[in-house]
Amino acid sequence: KVDSDYRKNNKELIKNSAKRTRESYKDGYFSVYYIPEHHYVGQTISFTARMRKHKYGHGRIIEGAEVLAKFQTREEALAFEAKLHSMGYLGLNNGN
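Rules used throughout
Residues numbered from 1 in each chain as written. Predicted model: local features only at pLDDT ≥ 70, side-chain atom pairs only at ≥ 80, totals over all residues. Heavy atoms only, no water. Core = buried A, V, L, I, M, F, W, Y, C linked by side-chain atoms within 4.5 Å. Buried < 20%, exposed > 50% of the residue type's maximum accessible area, 1.4 Å probe, protein only. Helix = DSSP H or I, 4+ residues; strand = E, 2+ residues; numbered from the N terminus. Contact = heavy atoms within 4.5 Å. Expected span 1.5 Å × (residues − 1). Arc of directions from axis to C-beta. Pairing = 2+ DSSP bridges. Axes fitted to C-alpha atoms, helices over the stretch in contact; angles between N-to-C directions. Phe/Tyr/Trp six-rings, centres within 6.5 Å; stacked < 30°, edge-to-face > 60°. Lys NZ or Arg CZ within 6 Å of the ring centre and 35° of its normal.

Draft legend 1. Quick look at the nonpolar core. Formed by Phe30, Val32, Tyr34, Val41, Ala69, Phe71, Ala77 and Leu84, the largest nonpolar core amounts to eight residues. The set of elements that each furnish at least two residues to this core consists of strand S1 (30-35), strand S3 (66-71) and helix H4 (74-86). Among the elements that make up this core, the one with the highest residue count is S1 (three residues). Not counting chain neighbours up to four residues away, the residues in contact with Val32 comprise Gly42, Gln43, Glu66, Val67, Leu68, Ala69, Phe71, Ala77, Phe80, Glu81 and Leu84. Formed by five residues, the second largest nonpolar core is a distinct cluster that contains Tyr33, Tyr40, Met51 and Ile62.

Next comes the structure, spelled out in structure tokens:
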């Protein structure tokens, strides 16, 4: 009961804390990554947070995942990701 009261009374504080945590994972670059178990490539601004989402949100095996390249803009990352998809790698931005 105490925990739920705290959460109810501090929604904004908790929301801001979670946002600061997510922001702390970002390094300022857009990363293109590879998950070998699923032959999957994707791009993200926060590799650590994205791997957590793959593991806990989608149930993917992320062992061996690695950053293949980093770019200053999302457009550059998306172009590189698209090139990898055209070579047969799976991922969201190629319809898989």
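Draft legend 2. The arrangement of H4 in detail. With 13 residues, H4 should reach 18 Å at 1.5 Å per residue; the first-to-last C-alpha distance of 18 Å fits that figure. Inspection of H4 places Ala77, Glu81, Leu84 and His85 among the buried residues, and these make up the whole buried set. Buried residues of H4, seen end-on, are gathered within an arc of 100° and therefore sit on one face of the element. Exposed positions of H4 whose direction lies more than 90 degrees from the buried face are Glu75, Lys83 and Ser86. Tucked into the core, H4 has its buried residues touching S1, strand S2 (40-44) and S3.

Draft legend 3. Summary view of the sheet that holds S2. The sheet built from three strands is open, its strands ordered S2-S1-S3 with antiparallel pairing. Looking at the sheet topology across the chains shown, the edges are occupied by S2 and S3. Between one strand axis and the next, the sheet turns by 20° as a mean value, whatever way the strands run. The sheet contact formed by S1 and S3 spans five bridges and is antiparallel. Counterpart to Tyr34 in the pairing with S3 is Glu66. This element, helix H3 (residues 47-58), spans S1, S2 and S3 of the sheet and lies at about 35° to S1.

Draft legend 4. View of the packing of aromatic side chains. Applying the stated rule across the entire model yields four aromatic pairs. Among the aromatic residues, those joined into a ring-pair cluster are Tyr33, Tyr40 and Phe47. Above the face of the Tyr40 ring, Arg60 is positioned so that its terminal group lies 4.7 Å from the ring centre.

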